[in-house]
Amino acid sequence: MTPKDVLDLIKKKDVKIVDFKFSDLHGTWQHFSMPISEFSEEMFDEEWVGFDGSSIRGWKGIESSDMLLKPEPNSAMIDPFCAVPTLSLLCTAHDTATKEVYSRDPRGVAEKAEAYLRSTGIADQAFFGPEAEFFIFDDVRYDSKSNGTFYSVDSNEGIWNTGREEMPNTGYKIRHKEGYFPVSPADTQQDIRTEMIMLMEECGVRIERQHHEVATAGQAEIDIRFDTLVNTGDKMQIYKYVVKNVAHKHGKTATFMPKPLFGDNGSGMHCHQSLWKKGKPLFPGKGYAGLSDMAIYYIGGLLKHAKALCAILSPTTNSYKRLVPGYEAPVNLAYSARNRSAAVRIPTYSENPKAKRIEYRPPDPAANIYLACAAMLMAGLDGIQNRIDPGEPLDKNIYELPPEELAKVPTVPDNLLGALRELEADHEFLLKGDVFTKDLIETYIELKRKEYDAVRLRPHPYEFHLYYDV
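The numbering scheme is per chain: residues are counted from 1 as the chain's sequence reads. Under the rules for a predicted model, residues below a pLDDT of 70 receive no local features and side-chain atom pairs below 80 are neither given nor counted, while totals for whole chains, interfaces and linings still include all residues. The side-chain numbers reported here are obtained from all heavy atoms of the structure, hydrogens and water having been left aside.

J.: Whenever I open this one, the packing of aromatic side chains confuses me. Can you help?
T.: We describe a pair of aromatic rings using the distance from one ring centre to the other and the angle between the two ring planes. Put simply, two rings from Phe, Tyr or Trp (the six-membered ring, in Trp's case) pair if the centres are within 6.5 Å, and we call them stacked under 30 degrees between planes, edge-to-face over 60, tilted for the rest. This structure, assessed with the given rule, holds 19 aromatic pairs. Between Phe127 and Phe226, the aromatic rings sit 5.4 Å apart at their centres with planes inclined by 90 degrees, giving edge-to-face as the arrangement. Taken as a pair, Phe127 in strand β7 (residues 125–137) and Phe226 in the loop between β11 (219–224) and β12 (227–228) lie far apart in primary sequence, 99 residues in all. Exposure classes here rest on a 1.4 Å probe applied to the protein chains alone. A residue is buried below 20% of its type maximum, exposed above 50%, and partly exposed in between. Relative accessible area serves as the criterion here: at 13%, Phe127 is assigned to the buried category. A relative accessible area of 36% places Phe226 in the partly exposed class. Runs of E in the DSSP output that reach at least two residues are strands. Runs of H or I that reach at least four are helices, and both are numbered from the N terminus.

Take a look at the structure:
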């Protein structure tokens, strides 16, 4: 859409409010609105929108708080959750003094990653197709005080509710690890997921499929159609917004927390990706699983930097309760055409060269999608530029390997602190083209260390089970 197209949409839909949305460093949408009388076409080009960024998480404080938002006309959509006709515009933050993209703005990082890709001459487009999983619960309660802490989630589908007095309890509860994919009445959320995808498509997000996921208690997956890096980031932000608000509309709550349930599958965000140049795919070839040398080197870059990438792609303390051996957890830093415990999988559903891609499996949906896709692209490009050999594929059953052979397969870090230390030691590949900056990486690590410490310093309820009687 052009700015003129946006004005035509405003007139057609009788828009009263314009809402400007942008992402903080954690990847959460922030926004403010203005009446249509204050909006002008010049805001797309000459008169960007000023605002105070001093209280945005991960951004600079009051000493340099004046910021500018540059709206993206192609992101214009009518917000489906506002009572008054409201135009939504996604924005990138810029510095008021230099007019340059603000180094800590996630969408700006994604824009710079696309520009760097073009500058290398390797490719002119990077496509990403994330498969985000999430839970839809009926109720969530939690608290943390100096003298106690707890959490509790509930769902009508939860297997723990087979004995609950529901008057009547019909018994159709999904057993642990059996949610992939029974029909109704076991799957109670077909209609709510359908409503989500219909609204997403109204907002310009093309959907491939939706289904119940493996876990009990309303685990779901909705897959968006692949797109270029920045567009994928924008669409995933819309995706999360729609999922949470549709759930809320139905008196439910949706979470992208990676591991809200013990003893069942967590939520991942497998990311399919490929490089193209002049409209042609660059990953098909005559190598392993039909891959080109370029694709193999891209995998080499992902695997070389995988431990550092975890700090960005699996960014919470909770992420590492999902990244454990078992449950098809992609903890093994290897690649394979069929082994789902490997970090990199090469899908073989289609022989079409345009469908040739690699799937990176460690990420989870708590990740900031802009930073995640930019970081994966930078790692893959580093692999291509340095012709990094990923070694032999891992096509064996990982759980049947003898201990001496299993010990040779590297794995992801087992906690957030370990991942942050890896990022501290290995981030030069992210600095190329000024895509990420040292300031951004240092700020990000500082924020995440605080999260790690916040959990580390608090007694855990299960510690009372283990140690109260010592």
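J.: Quick question: what am I supposed to make of the pattern of salt bridges here?
T.: Between side chains of opposite charge, a pair can form as their charged atoms come close. Each salt bridge in this description consists of a side-chain nitrogen of Lys or Arg and a carboxyl oxygen of Asp or Glu lying within 4 Å of one another. For the coordinates displayed, the defined rule picks out 28 salt bridges. Residues Lys21 and Asp19 are paired through a salt bridge, measuring 2.9 Å at the closest nitrogen-oxygen approach. One salt bridge in this structure joins Glu405 and Lys396, with 2.7 Å as the shortest N-O distance. Accessibility expressed as a relative area gives 46% for Lys396, which makes it partly exposed. A network of salt bridges, in which partner residues are shared, links Asp154, Arg164, Glu166 and Lys173.

J.: Just to check I follow, could you spell out unusual backbone geometry for this structure?
T.: Negative phi values dominate among residues other than glycine, just as trans dominates among peptide bonds. In this chain, Tyr180 is followed by Phe181 through a cis amide linkage whose omega measures -15 degrees. Here Phe181 lies in the loop between β9 (148–154) and α3 (190–202). Omega for the peptide link from Ser184 to Pro185 comes to 10 degrees, which places this bond in the cis form. Here Pro185 lies in the loop between β9 and α3.

J.: What is the right way to read the packing of helix α2 (residues 106–120) against helix α7 (residues 369–385) from this model?
T.: Packed helices, taken two at a time, are described by their axes: the angle between them and the distance between them. Where α2 contacts α7, the two axes come as close as 8 Å, and the packing angle between them is 20 degrees. Here α2 is positioned roughly parallel relative to α7, judged by the angle of their axes. Relative to α7, the crossing made by α2 is left-handed. Residues Pro106, Arg107, Val109, Ala110, Ala113, Tyr116, Leu117 and Thr120 of α2 form the contact with α7, whose own contacting residues are Tyr370, Leu371, Ala374, Leu377, Met378, Leu381 and Gln385. For helices, the fitted line uses only the C-alpha atoms of the stretch in contact; every axis is such a line through C-alpha atoms, and the angle between N-to-C directions lies from 0 to 180 degrees. Any angle that falls under 35 degrees is termed roughly parallel, while one over 145 is termed roughly antiparallel, one within 65 to 115 roughly perpendicular, and all others oblique. Handedness of each helix crossing follows the sense of rotation of the near helix against the far helix: counterclockwise by less than a right angle gives left-handed, clockwise gives right-handed. Contacts between residues were defined by any pair of non-hydrogen atoms, one from each residue, lying within 4.5 Å.

J.: So what exactly am I meant to see when it comes to the side chain of His26 here?
T.: For His26, the location among the structural elements is in the loop between β1 (17–23) and β2 (29–35). Apart from the residues within four sequence positions on either side, His26 is in contact with Arg57, Ala366, Asn368, Leu447, Lys448 and Glu451.

J.: Can you walk me through the nonpolar core in this structure?
T.: One recurring pattern in soluble globular proteins: nonpolar side chains tend to sit buried together. In terms of nonpolar packing, the biggest core is built from 99 residues, with Met196, Tyr239, Leu275, Leu377 and Phe436 touching the most fellow members. With residues up to four places along the chain from it excluded, the contact list for Tyr239 reads Ala132, Phe134, Met200, Glu221, Ile222, Ile224 and Phe256. Side-chain atoms within 4.5 Å are what join buried Ala, Val, Leu, Ile, Met, Phe, Trp, Tyr and Cys residues into a set we call a nonpolar core. Residues Phe20, Val49, Ile56 and Leu89 belong to the second largest nonpolar core, which totals 23 residues.

J.: What exactly am I supposed to notice about the state of the cysteines here?
T.: Two cysteines joined by a covalent bond between their sulfur atoms form a disulfide. Note on terminology: pairs of cysteine sulfur atoms within 2.5 Å are recorded as disulfides. One pass over the full model with this rule turns up zero disulfides. Cys82 takes part in no disulfide bond, and the closest cysteine sulfur, belonging to Cys203, lies 10 Å away. Take Cys82: its relative accessible area is 33%, and that puts it in the partly exposed class.

J.: Sorry if this is basic, but what is going on with α2 here?
T.: In an α-helix, one turn spans 3.6 residues, which is why side chains three or four residues apart end up on the same side. In this analysis, the expected span of each helix is defined as 1.5 Å times one less than the number of residues it contains. Here α2 spans 21 Å end to end across 15 residues, near enough to the 21 Å set by a 1.5 Å rise per residue. Turning to α2, its buried residues number three or more, namely Pro106, Arg107, Gly108, Val109, Ala110, Lys112, Ala113, Glu114, Tyr116 and Leu117. We call two N or O atoms a polar contact when they sit within 3.5 Å, provided that within protein one can donate a hydrogen and the other can accept it, with sequence-adjacent residues counted only if both atoms are side-chain atoms. If you check the start of α2, you find a side-chain oxygen 3.2 Å away from the backbone N of Arg107, and it comes from Asp105. Phi turns positive, to about 80 degrees, at Gly121, one or two residues after α2.

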